[in-house]
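Descriptive analysis of the structure
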Amino acid sequence: MGTEGSSVVVPRSFRLLEELERGEKGIGDGTVSYGMDDADDIYMQSWTGTIIGPPNTVHEGRIYQLKLFCGKDYPDNRPSVRFQTRINMTCVNQETGVVEPSLFPMLANWQKEYTMEDILTQLKKEMMSPQNRKLAQPPEGNDEARLDQKGSSSKCRII
C-alpha cells in the first residue's frame with residue numbers, strides 16, 4: 001500500500017512547542033526573537049516578538065515589540081500580529097499597530113508551513129523595502145498606549 005500524497009499532521013501543541021524551542025535558542029544574528037507572552041497560557045496563544053531595526057534604514061537601532069496571537073486553529077489559520085511599539089510602515093495600521101493581512105503578503109497568502117519566525121523575519125525585510133526604509137517614524141522616548149485584543153490599554157516605552 002503506497003502512501004504517496006499523504007502527509008503527517010503534527011498536533012498544534014507539538015508545533016508550538018517546536019516554535020517555542022526555536023525562539024528560545026535565538027534566530028540568526030539575534031535581531032529577531034520571540035517567545036511565550038504568558039508561561040501559564042496552556043493553549044500557547046499569546047506570544048511576544050522583538051525586531052531590532054535593520055541598518056541603513058530609518059529603523060536602525062530601534063527596538064520594536066510585537067504581540068502575536070495564535071488562535072486554536074493555528075497553524076491552519078494565520079495568527080494576528082500587532083506592533084506594540086509605534087511604527088510607520090505601509091502594512092501597519094497607524095492607530096492600532098495591527099499588521100494588516102491584506103497589505104502584508106505573508107499573512108494574506110498564509111500557508112500552515114509558515115511560522116512566527118517567518119513572520120518576524122519578513123516584517124524586518126519589509127522595513128528594508130523601498131516603500132518603508134525612509135518613512136518618517138514616530139519620535140522615540142514617548143510613552144504610547146495601544147489597545148490590546150481584550151480592549152484594555154497596554155503601555156509600552158519606546159526605546
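For the protein chain, the name recorded in an unreviewed UniProt entry is UBC core domain-containing protein, with Hibiscus sabdariffa as its organism.

Across all of its chains, the model carries four salt bridges by this definition. Between glutamate 19 and arginine 15 there is a salt bridge, with its nearest N and O atoms 2.9 Å apart. Here glutamate 19 pairs with arginine 15, and both are found in helix α1 (residues 12–25), just four residues apart, close to one helical turn. Using a relative accessible area of 4% as the deciding quantity, one classes glutamate 19 as buried.

So, about the environment of leucine 68. With respect to the element layout, leucine 68 can be found in strand β3 (residues 63–69). Here leucine 68 falls in the buried class, since its relative accessible area comes to 1%. Separated by 20 residues in the primary sequence, leucine 68 and threonine 48 place their C-alpha atoms 5.9 Å from one another.

Time to look at the sheet that holds strand β2 (residues 46–52). What holds strands together in a sheet is hydrogen bonding between their backbones, with the strands either parallel or antiparallel. Pairing is antiparallel across the open sheet formed by four strands, whose spatial order is β1-β2-β3-β4. Where the open sheet ends on each side, the last strands, each with one partner, are β1 (32–36) and β4 (80–83). Pairs of neighbouring strands in the sheet enclose a mean axial angle of 20°, with direction left out of account. Strand direction decides the pairing type here: β1 and β2, joined by five bridges, are antiparallel. Counterpart to valine 32 in the pairing with β2 is isoleucine 51.

For the peptide bond that leads from tyrosine 74 to proline 75, omega is 10°, which places it in the cis range. With respect to the helices and strands, the residue proline 75 is situated in the loop between β3 and β4. Residue asparagine 56 is not a glycine yet carries a positive backbone phi of 60°. Mapped onto the elements of the fold, asparagine 56 is located in the loop between β2 and β3. By relative accessible area, which is 61% here, asparagine 56 ends up exposed.

Taken as a whole, this structure holds four aromatic pairs when the rule is applied. Between tyrosine 34 and tryptophan 47 the ring centres are 6.2 Å apart and the planes differ by 45°, which places this aromatic pair in the tilted class. Here tyrosine 34 is found in strand β1, whereas its partner tryptophan 47 is found in strand β2, with 13 residues between them in sequence. For tyrosine 34, a relative accessible area of 6% gives the class buried. Judged by relative accessible area, tryptophan 47 falls into the buried class, the value being 0%. Relative to tyrosine 114, the ring of tryptophan 110 has its centre 5.5 Å away and its plane inclined at 75°; by these criteria the two rings are edge-to-face.

Attention shifts here to the environment of cysteine 70. Among the structural elements, cysteine 70 can be located in the loop between β3 and β4. With relative accessibility at 0%, the residue cysteine 70 sits in the buried group. Measuring from C-alpha to C-alpha, the distance between cysteine 70 and leucine 16 comes to 9.3 Å, with 54 residues separating the pair along the chain. Those residues in contact with cysteine 70, other than ones at most four positions away along the chain, are Arg12, Leu16, Met44, Gln45, Trp47, Pro79 and Met116.

About the thresholds
- Residues numbered from 1 in each chain as written.
- Predicted model: local features only at pLDDT ≥ 70, side-chain atom pairs only at ≥ 80, totals over all residues.
- Heavy atoms only, no water.
- Salt bridge = Lys/Arg side-chain N within 4 Å of Asp/Glu carboxyl O.
- Helix = DSSP H or I, 4+ residues; strand = E, 2+ residues; numbered from the N terminus.
- Buried < 20%, exposed > 50% of the residue type's maximum accessible area, 1.4 Å probe, protein only.
- Pairing = 2+ DSSP bridges.
- Axes fitted to C-alpha atoms, helices over the stretch in contact; angles between N-to-C directions.
- Phe/Tyr/Trp six-rings, centres within 6.5 Å; stacked < 30°, edge-to-face > 60°.
- Contact = heavy atoms within 4.5 Å.

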